[in-house]
Amino acid sequence: MIYRIFLTFLLALTFGFANAQVIAIKAGKVVDPSNGTVTYNQVILVENGRIKDIGADISIPQDAETIDLSRSTVMPGLIDAHTHICATISIFADRLGVDFLDLVLLNPDGYRAIQGAVHAKQMLEAGFTAIREAGNSGKYVDVDVKRAINEGLIPGPTIITAGRIIVPFGGQFRTKADKQFITNNEYFFADTRDEILKAIRENIFYGVDVIKIVVDSKKYKYSAEDMAFIVDEARKSGLKVMAHCQTVDGVYSAVMGGAASVEHGWTILDSIITLMKQKNIVLVSTDFPVKVLQAYGSKEENAKTAHNKMIERLKRVYDGGVTIAFGTDIMVDIENETRGATAISYIDSFVEAGIPAADILKIMTTNAAALLGINKSRGSISKGMYCDIIATDENPLENIQTLKNVTFVMKNGVVYKNGKR
Ligand SMILES: [Zn+2]
């Protein structure tokens, strides 16, 4: 109990009282992505980080600080439901003669925490007020970055952390037998039920918010029964399961086992699309732009072919009525681009798939907030919600490209960006 009181005091110090003054935001247009509607000339009152009131006829208290966004369009902050801010694939791997994927893992945790801090700031400034870290973050470095953000040490989005990825023996990399230690920090190799149980509990103990499973990166995969066991164990502690699936069998296991989301889902049969819709399982589609695939090491022609395949299946999944949430799976730094800018550029994949602007915005906000389980306190602009908002010059429902130039970012009622930069 004493610990709790102390914690409340600490939290109050870091966010609460720092912001006791009322802020009045004058918003020219406010978009509600949940239904694609726009309201005009709204006043948003913010107190202690939360939205106290919103409407056209709100009177502004005399001592309120006013922020003028009357020429802008305001909407909830964007959400990336699948990223890796504590990992960067090095372009120097070839020169060092090692597998470029292994090189990510060779970076020490201290360095990766710094990468996480830098990328977190870049994501926030691009308009992402919440992200879900999908693992590959060393030994719970993502949990440390989350803590530093929550304590106000560094700027960054709200982070839902996955900690160490749970996977059948060997993980995703092609680690050699005498170098297995490279992967130990960020993977749990768990094959038996006992190993799986231990891995889930250890992750939860060290503070993760979601359980990340790689279902099918090797010939041996988790079965539908394994997935049901995992989902059940995670649910007992109130956690959802996100399932990396790259094969038909993998998607089948994740869907039958009741995972909250299929990540990637490069190959999804039409019959499974129907099942996903019925069972309300979300696809986090991570549709890489060609430039990102190239940065991951693909030749241009192969990158284009792979990209077109992704778009084709994204279109099928969208047409099939499956809920989609925005995710980028970025683990590369592209020259002269921040992580945030690279993440935003994934909008073009949705445009290519013919998805209307209103749905793209919903995929990037409402749908992702629900998947992350933060929709009771974030992801919409209404009374009582944390004030996580962004603004653009144009209305994204008319021109979705305007999201590439977010001009204003507020998270927890604190301004992190105001103006073009
Ligand atoms: Zn990933």
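Residues numbered from 1 in each chain as written. Predicted model: local features only at pLDDT ≥ 70, side-chain atom pairs only at ≥ 80, totals over all residues. Heavy atoms only, no water.

## A look at the pairing of strand β3 (residues 50-55)
Across five bridges, the pairing between strand β2 (residues 37-47) and β3 is antiparallel. Among the inter-strand pairings, Glu47 is bridged to a residue of β3, identified as Arg50. Counted between consecutive antiparallel strands, the loop separating β2 from β3 contains two residues, among which Asn48 sits at a positive phi close to 50°. (Pairing = 2+ DSSP bridges. Helix = DSSP H or I, 4+ residues; strand = E, 2+ residues; numbered from the N terminus.)

## Focus on helix α7 (residues 193-205)
Between its first and last C-alpha atoms α7 spans 18 Å; for 13 residues at 1.5 Å apiece the expected length is 18 Å, and the two agree. Considered for burial, the residues of α7 that qualify are Ile196, Ala199, Ile200 and Asn203. Taken around the axis of α7, the buried residues stretch over an arc of 95°, which confines them to a single face. Seen from the buried face of α7, the exposed residues on the opposite side, beyond 90 degrees, are Asp194, Lys198 and Phe205. Among the structural elements, β8 (165-167), β9 (187-189), β10 (210-214) and α8 (224-236) are those in contact with the buried residues of α7. One or two residues past the end of α7 sits Gly207, with phi positive at roughly 100°. (Expected span 1.5 Å × (residues − 1). Buried < 20%, exposed > 50% of the residue type's maximum accessible area, 1.4 Å probe, protein only. Arc of directions from axis to C-beta. Contact = heavy atoms within 4.5 Å.)

## Structural notes on the packing of aromatic side chains
Counted according to the given criterion, the structure contains eleven aromatic pairs. Summarising the aromatic geometry, the rings of Tyr140 and Tyr206 are spaced 5.2 Å apart at their centres and angled 40° between planes, so their arrangement reads as tilted. Taken together, the residues span a long stretch of sequence, with Tyr140 in the loop between β6 (128-133) and α5 (141-150) and Tyr206 in the loop between α7 and β10 at a distance of 66 residues. These aromatic residues form a ring-pair network of at least three members: Phe128, Trp266, Phe288, Tyr296, Phe326, Tyr346 and Phe350. Looking at Arg193, its charged tip hangs above the ring of Phe229, at a distance of 4.9 Å from the centre. The ring centre of Tyr386 lies 4.2 Å from the NZ or CZ of Arg378, which sits over that ring. (Phe/Tyr/Trp six-rings, centres within 6.5 Å; stacked < 30°, edge-to-face > 60°. Lys NZ or Arg CZ within 6 Å of the ring centre and 35° of its normal.)

## Some thoughts on the coordination of the zinc ion
Protein coordination of the zinc ion is provided by His82 (NE2), His84 (NE2) and Asp329 (OD), with donor distances spanning 2.1 Å. Sequence spacing of the donors to the zinc ion: H-x1-H-x244-D. Across the pair, exposure class does not vary: His82 and His84 are buried alike. (Donors = N, O, S within 2.8 Å, 3.2 Å for Na, K, Ca; no water.)

## A few points about the pattern of salt bridges
Enumeration according to the criterion identifies 23 salt bridges in this entry. Between Glu47 and Lys52 there is a salt bridge; the shortest N-O distance is 3.7 Å. The class for Glu47 is partly exposed, based on a relative accessible area of 27%. Residue Lys121 pairs with Glu125 through a salt bridge whose shortest N-O separation is 3.1 Å. Of this pair, Lys121 and Glu125 both sit in helix α4 (residues 109-126), four residues apart, which is roughly one turn of the helix. A relative accessible area of 37% places Lys121 in the partly exposed class. Where salt bridges share partners, they join Arg201, Glu233 and Lys236 into one cluster. (Salt bridge = Lys/Arg side-chain N within 4 Å of Asp/Glu carboxyl O.)

## A few points about α4
The first and last C-alpha atoms of α4 sit 25 Å apart over 18 residues, in line with the 26 Å expected at 1.5 Å per residue. Restricting attention to buried positions, one finds in α4 the residues Arg112, Gln115, Gly116, His119, Ala120, Met123, Leu124, Glu125 and Ala126. Looking one or two places after α4, you find Gly127, whose phi comes out positive at around 115°.

## Thoughts on empty space enclosed by the protein
The full count for this structure, using the stated rule, is one cavity of 30 Å³ or more. Computed from the structure, the largest cavity encloses a volume of approximately 30 Å³. Taken together, the residues of the lining of the largest cavity break down into four nonpolar, three polar and two charged. (1 Å grid on protein atoms, 1.4 Å probe; cavity = no way out; pocket = protein on both sides within 12 Å on 5 of 7 lines; lining within 4 Å. Points joined across faces, edges and corners; volume = space filled by probe spheres on them. Nonpolar A, V, L, I, M, F, W, Y, C, P; charged D, E, K, R; others polar.)

## Observations regarding the nonpolar core
Counting 92 residues, the largest nonpolar core has Phe128 and Ile211 as the members making the most contacts within it. Two domains each provide a minimum of three residues to this core, namely domain 1 (2-76 + 388-418) and domain 2 (78-372). Other than its neighbours up to four places away in sequence, Phe128 contacts Leu78, Ile79, Asp80, Met123, Pro157, Phe326, Gly340, Ala343, Ile344 and Met364. Ile25, Ala27, Val30 and Ile389 belong to the second largest nonpolar core, which has 17 residues in total. (Core = buried A, V, L, I, M, F, W, Y, C linked by side-chain atoms within 4.5 Å. Domains from an automatic or database assignment.)

## Here we look at the packing of α4 against α5
Where α4 meets α5, the closest approach of the two axes is 9 Å, and the angle between their N-to-C directions is 50°. As summarised for this structure, α4 and α5 are arranged oblique, according to the angle between their axes. Here α4 runs over α5; the crossing is right-handed. Residues Asp109, Arg112, Ala113, Gly116, Ala117 and Ala120 of α4 touch α5, and the partners they reach there are Val141, Val145 and Ile149. Among the residues forming the contact of α4 with α5, the class breakdown is six nonpolar, one polar and two charged. (Axes fitted to C-alpha atoms, helices over the stretch in contact; angles between N-to-C directions. Parallel < 35°, antiparallel > 145°, perpendicular 65-115°, else oblique. Left-handed = near helix turned anticlockwise from the far one by under 90°.)

## Section: the domain arrangement of the chain
According to the domain assignment, the chain consists of domain 1 (2-76 + 388-418) and domain 2 (78-372). A C-alpha centroid distance of 29 Å is found between domain 1 and domain 2. The interface of domain 1 with domain 2 comprises 21 residues on the first partner and 26 residues on the second. Interface of domain 1 and domain 2: buried area, both sides summed, is about 1,900 Å²; carbon and sulfur atoms make up 69% of it. Where Lys404 meets Asp348, a salt bridge forms, and the shortest distance between an N and an O atom there is 2.9 Å. (Buried area = accessible area lost by both parts, 1.4 Å probe.)

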